[in-house]
Amino acid sequence: MRVLVINSGSSSLKYQVRDTGTNEVAATGLIDRIGEDAGGPADHAEAMEQVAAALAGELADKPLDAVGHRVVHGGERFSEPVLINNEITRSIERLNPLAPLHNPANVLGIRAITAKWPDMPQVAVFDTAFHRTLPEHAWRYAVPDELYRQYGIRRYGFHGTSHEFVTARAAELLGVPLAGFNAVVAHLGNGVSLTAIQGGASIDTSMGFTPLEGLVMGTRSGDIDPSILIFLQRQGLSADEIDTMLNRDSGLKALFGDNDMRTIVDAAAAGDRRAQTALDITSYRLAKYIGGYHVAVGGTHALVFTAGIGENSAEFRAQAVARLGALGVKLDGAANLERSGAPRVISAPDSLIPVLVVPTDEERAIAEATAAVVLSS
Ligand code: ADP
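Undergrad: What's the story with the overall build of the chain in this structure? I'm lost.
TA: Scanning the chain from N- to C-terminus turns up 15 helices and twelve strands. The C-alpha atoms of the chain give 21 Å as radius of gyration, which agrees with the globular expectation for 377 residues (21 Å, within 12%). Each of the three principal axes of the chain carries a C-alpha extent, and together these read 55 × 55 × 45 Å. For the chain, the proportion of its 377 residues judged to be buried stands at 49%.

Undergrad: So what exactly am I meant to see when it comes to the pairing of strand β9 (residues 201–205) here?
TA: If a strand is regular, its side chains alternate between the two faces of the sheet. Where burial is concerned, most of β9 is hidden: four out of the five residues are buried. Judged from the four bridges that link them, strand β8 (residues 192–198) and β9 form a sheet pairing that is antiparallel. In the strand pairing of β9, Ile 197 is matched with Ser 202. Counted along the chain from β8 to the antiparallel partner β9, the turn is two residues long, and its residue Gly 199 has a positive phi close to 55°.

Undergrad: Would you take a moment to explain the domain arrangement of the chain for this structure?
TA: How big an interface is tends to be expressed through the accessible area that disappears when the partners come together. On domain assignment, one finds that the chain holds domain 1 (2–126) and domain 2 (176–357). Using C-alpha coordinates to define each centre, domain 1 is positioned 29 Å away from domain 2.

Undergrad: What should I look at first to understand the pattern of salt bridges in this one?
TA: Where charged atoms from two side chains of opposite charge come close, those side chains can pair. Taken as a whole and judged by the stated rule, the model has 17 salt bridges. Glu 87 is paired through a salt bridge with Arg 77; the nearest N and O atoms lie 2.9 Å apart. With Glu 87 in helix α2 (residues 86–94) and Arg 77 in the loop between β4 (66–71) and β5 (82–83), this residue pair connects regions lying ten residues apart in the sequence. Take Glu 87: its relative accessible area is 33%, and that puts it in the partly exposed class. The class for Arg 77 is partly exposed, based on a relative accessible area of 45%.

Undergrad: Looking at this structure, how should I read the sheet that holds strand β10 (residues 303–306)?
TA: The strands making up a sheet are joined through hydrogen bonds of the backbone, oriented either antiparallel or parallel. Strand order in the open sheet formed by six strands is β9-β8-β7-β10-β12-β11, and the pairing between neighbours is mixed. Only two strands of the sheet have a single neighbouring strand rather than two, namely β9 and β11 (344–345).

Undergrad: What am I meant to see in the nonpolar core here?
TA: One broad rule of soluble globular proteins: the nonpolar side chains tend to lie buried together. Membership of the largest hydrophobic core comes to 42 residues, with the highest contact counts inside it found for Leu 188, Leu 194, Met 261, Leu 286, Leu 303, Phe 305 and Phe 316. Secondary-structure elements contributing two or more residues to this core are β7 (183–188), β8, α9 (251–256), α10 (261–269), α11 (273–296), β10, α13 (314–321) and β12 (355–357). Residue contributions to this core peak at eight residues, all from α11. Non-local contacts of Phe 316, meaning those with residues more than four positions away in its chain, are made with Leu 188, Met 261, Leu 279, Thr 282, Ser 283, Leu 286 and Ile 309. Counting residues in hydrophobic clusters, the runner-up holds 19 residues, among them Val 17, Ala 26, Ile 31 and Ile 34.

Undergrad: What am I meant to see in the side chain of Arg 285 here?
TA: Inspection of the secondary structure puts Arg 285 in helix α11. Here Arg 285 sits buried without a salt bridge, and the closest side chain of opposite charge, Asp 223, lies 5.0 Å off (N-O distance). Setting aside anything within four residues of it in sequence, one finds Arg 285 in contact with Gly 214, Leu 215, Val 216, Ser 221, Gly 222 and Asp 223.

Undergrad: So what exactly am I meant to see when it comes to the sheet that holds strand β6 (residues 122–126) here?
TA: Reading across the sheet, the six strands line up as β3-β2-β1-β4-β6-β5 and stay open at both edges, with mixed pairing between neighbours. Of all the strands in the sheet, just β3 (24–31) and β5 have a single pairing partner and so form its edges. Direction of pairing for strand β1 (residues 2–8) relative to β4: parallel, over a ladder of four bridges. Looking across to β4, one finds that Val 5 is bridged to Gly 68.

Undergrad: Help me out: how do you make sense of the packing of aromatic side chains in this one?
TA: Any two aromatic rings considered together are summarised by their centre-to-centre distance and by the angle between their planes. Scanning the model with the defined rule gives four aromatic pairs in all. On the basis of an interplanar angle of 40° and a centroid distance of 6.4 Å, the ring pair of Tyr 156 and Phe 209 is categorised as tilted. Here the residue Tyr 156 occupies a position in the loop between α5 (145–151) and α6 (160–174), and Phe 209 occupies one in the loop between β9 and α7 (227–234), the gap between them amounting to 53 residues. With relative accessibility at 5%, the residue Tyr 156 sits in the buried group. The exposure class of Phe 209 is partly exposed, given its relative accessible area of 24%. Consider the rings of Tyr 289 and Tyr 293, whose centres lie 5.8 Å apart with planes at 85°: the pair is edge-to-face.

Rules of the game
Residues numbered from 1 in each chain as written. Predicted model: local features only at pLDDT ≥ 70, side-chain atom pairs only at ≥ 80, totals over all residues. Heavy atoms only, no water. Helix = DSSP H or I, 4+ residues; strand = E, 2+ residues; numbered from the N terminus. Rg over C-alpha atoms; globule rule 2.2 N^0.38 Å. Buried < 20%, exposed > 50% of the residue type's maximum accessible area, 1.4 Å probe, protein only. Pairing = 2+ DSSP bridges. Domains from an automatic or database assignment. Salt bridge = Lys/Arg side-chain N within 4 Å of Asp/Glu carboxyl O. Core = buried A, V, L, I, M, F, W, Y, C linked by side-chain atoms within 4.5 Å. Contact = heavy atoms within 4.5 Å. Lys, Arg positive; Asp, Glu negative; His and termini not counted. Phe/Tyr/Trp six-rings, centres within 6.5 Å; stacked < 30°, edge-to-face > 60°.

Shown next, in the form of C-alpha cells:
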C-alpha cells in the first residue's frame, strides 16, 4: 500500500511516501515557515498544495492509497490508530488544550488533506496511544481529584509509536514472544523518554502530562521541583517565560550551551569540565530511572536504546551503562562501538541483562498502522 505519512507542526509539515509492502521510502520532504511571511506557504492548505506539487511526478503512475497522520495527543479516548472522519477530527480538536502547540497543527494537516483529496482514507496515529495501558498507580498524580476530572491532568506519556515499534523488534531480535516480554526502552533523541514494558505493554513511562516530565533532554529540563515554577512566578516571570525556559532553554543546552550530543561528547573527551558534568547529570538521571523501571516490570529481559543518541552515541551508552553495575549490566566494548543500522545486541556475554540497540522508524510504524487500519475497515 502507498501511504503518505504526514507530521504536521505549527509552522512545518514533514512528509514521506512509503510503500508498506516493500518498506521503500518513495519520497520525503519538509515544507517549513508556514504562515511566517518569509516566502513560506500562507497556511497548511497551501503547504499541502506544495506537497502535492512536489509529489506530482511520483504519484502520476502510482497514486496514494491512504494518508497517515502523526497526532501528538489522543487523550484518554484513543488507544489505537483510527480511521479519520469528521467526528474523529473534532475529537482531536477537543484535545487541543492538552497539546496546544501540536494538536491544532495536526488538525490543520488533516483538514488540508480532506480539502485536497476528499475521498482519501486518512488514519490518525497517536503518540500517546501505546501508553493507554498504564495502570492508575502509574498515571495518577497525587493532587486533588478535580484537577483530573476538570482538566484531564494525569500522566499520558509520549513517543508511543517509537516505543511500540522498538519493543516489537527487540522481542523479535531476542526470539521472545512479545506477550511475555519485559523491557526498559530508552528513546534518547532531542526528546528523551524511558518506557517500562511488561508483557509487551507499556506500564510506565517517564514523560507525563506533557513531554516535559522525566529525563534530561536536549532543551527540556525533565523532572524538577514544581515549587521552582511557583518561585519564579513570584519573582515576576510570566507563564510563557517559564514555559520557554523549561522547554527550550534547559536540558543539555543549559548544562553545556549546546544540545548536540556529538559536540558534548567531543568536548568532554577534550577535557571540558562542563561537558563532562552535563554527561554525568544526564547519564545519572537515566540510570536511576532504568533501575526504577527494572523493578516496575518485575525484572527486565532487556535494556533497549533507540533514537539519535541511543542509536549513535556509543560514548553516552557506555557512560549510562557504567552506572548500572548493581544490576550486573555490562557492555561488550567492541559491539558497542560497531556502526550498524541493524537491531543488535551490544552487551557482554556475561551481562545479567542483554543490552540492545534497535533503530526506531516512526514513519514506517505510522505507514504500517495506517495500512492495517485501512485494510480492516
Ligand atoms: P529528534 O527527537 O529531534 O527526532 P533525534 O532522534 O534525531 O532527535 O536525535 C537527536 C540527537 O541525536 C542529538 O542530540 C544528536 O546530537 C544525536 N546524534 C545524532 N547522531 C549522532 C551521532 N552519530 N553521535 C552522537 N549523537 C548523535
